Amino acid sequence: MSTIIKRSTNPFADLMGWLETESAAMRSFGSAPYINVEDFVEEGNYVVRAEMPGVDPNKDIQIDVAGDVLTIHGERREEEHDRNRSELRYGSFERSLPLPRGAKAEEIKATYVKGVLEVRVPYAGEEQKATRVAIEHDGS
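Quantities reported herein were computed from a predicted structural model and do not represent experimental measurements.

Visitor: Mind showing me how you'd approach the pairing of strand β6 (residues 109–113) here?
Guide: Successive residues of a regular strand alternate their side chains across the two faces of the sheet. One ladder, built from five bridges, connects β6 with strand β7 (residues 116–122); its direction is antiparallel. From the neighbouring strand, Thr 111 faces β7, where its bridge partner is Glu 118. Linking β6 to β7, which pair antiparallel, is a turn of two residues; within it Lys 114 sits at a positive phi near 50 degrees.

What follows is the structure, encoded as structure tokens:
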């Protein structure tokens with residue numbers, strides 16, 4: 001069963017996430033390679049799956065966590081061939097994704113199978129409870 005994660009209460013962070021998602025189609029027209037991803041929650045893990053065919057996971061992929069951001073960096077190396085056409089993209093690529101609250105960066109696991117990188121981030125999926133704050137005043 002999938003659960004929706006509320007990632008941020010910061011409108012600026014929400015806007016940046018939306019722009020990154022909406023600009024994915026636009027980036028495919030540019031010259032830089034781009035990583036297509038999907039993310040979901042499964043069995044207490046935030047899961048990110050990234051299409052990365054044609055790379056060597058031991059040499060060409062790096063995963064970093066800084067604060068509450070997961071960054072996947074890679075490089076698809078061009079092979080020398082006599083060819084008539086090439087529609088494949090080569091070079092460095094990177095994708096950064098915000099992690100949910102309670103993510104346990106020290107327990108992240110990553111696997112690469114059949115061209116798909118899967119990163120599993122355990123997290124404590126408790127919802128933040130709202131707290132009402134009393135206002136002190138001098139009675140006037």
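Visitor: I would appreciate a short explanation of the sheet that holds strand β3 (residues 61–66) in the present structure.
Guide: Sheet strands pair via backbone hydrogen bonds, and the direction of the pair is either parallel or antiparallel. Across the sheet, three strands lie side by side as β3-β4-β5; this open sheet has antiparallel pairing. Among the strands making up the open sheet, the edge pair consists of β3 and β5 (91–98). Each adjacent strand pair in this sheet contributes to an overall mean axis angle of 15 degrees, direction not counted. As paired strands, β3 and strand β4 (residues 69–76) are joined by six bridges and run antiparallel to one another. Its bridge partner being in β4, Asp 64 is matched across the sheet by Thr 71.

Visitor: Please clarify how the pattern of salt bridges should be interpreted in this entry.
Guide: Side chains carrying opposite charge are able to pair once their charged atoms draw close together. By the definition in use, this model includes six salt bridges. Salt-bridge contacts for Glu 75 lead to Arg 77; the nearest nitrogen and oxygen are separated by 3.8 Å. The partly exposed category is assigned to Glu 75, whose relative accessible area is 30%. Judged by its relative accessible area of 45%, Arg 77 is partly exposed.

Visitor: Which parts of the structure should I look at to understand the nonpolar core?
Guide: If you look at soluble globular proteins, the nonpolar side chains tend to sit buried side by side. Grouped together as the largest cluster of nonpolar side chains are 17 residues, with contacts concentrated most on Tyr 46, Val 48, Met 52, Ile 72 and Leu 117. Among the secondary structure elements, those contributing two or more residues to this core are β2 (45–51), β4, β5 and β7. Setting aside anything within four residues of it in sequence, one finds Met 52 in contact with Ile 35, Ile 61, Ile 72, Arg 76, Phe 93, Tyr 112, Gly 115 and Leu 117.

Visitor: Sorry, what's going on with the sheet that holds β6 here?
Guide: If you walk across this open sheet you meet the four strands as β1-β2-β7-β6, and the pairing is antiparallel. Of all strands in the sheet, those with a lone pairing partner are β1 (37–42) and β6, marking the two edges. In this sheet, adjacent strand axes meet at a mean angle of 20 degrees when their direction is disregarded. Summarising the sheet, β1 and β2 pair through six bridges and their orientation is antiparallel. Directly across from Glu 42, in β2, lies its bridge partner Asn 45.

Visitor: Is there a simple way to think about the confidence of the model for the protein in this case?
Guide: For any part of a model where pLDDT is low, the fine detail of the predicted coordinates should not be relied upon. The share of residues in the protein with pLDDT of 70 or more is 71%, and the mean pLDDT across the chain is 79. When the elements of the protein are averaged for pLDDT, helix α2 (residues 24–27) gives the smallest value, 48, and β6 the largest, 96. Counting contacts from residues 24–31, a segment whose pLDDT is below 50, to residues more than four positions away or on other chains yields eight contacts.

Calculation criteria
Residues numbered from 1 in each chain as written. Predicted model: local features only at pLDDT ≥ 70, side-chain atom pairs only at ≥ 80, totals over all residues. Heavy atoms only, no water. Pairing = 2+ DSSP bridges. Helix = DSSP H or I, 4+ residues; strand = E, 2+ residues; numbered from the N terminus. Axes fitted to C-alpha atoms, helices over the stretch in contact; angles between N-to-C directions. Salt bridge = Lys/Arg side-chain N within 4 Å of Asp/Glu carboxyl O. Buried < 20%, exposed > 50% of the residue type's maximum accessible area, 1.4 Å probe, protein only. Core = buried A, V, L, I, M, F, W, Y, C linked by side-chain atoms within 4.5 Å. Contact = heavy atoms within 4.5 Å. pLDDT = per-residue confidence, 0-100.

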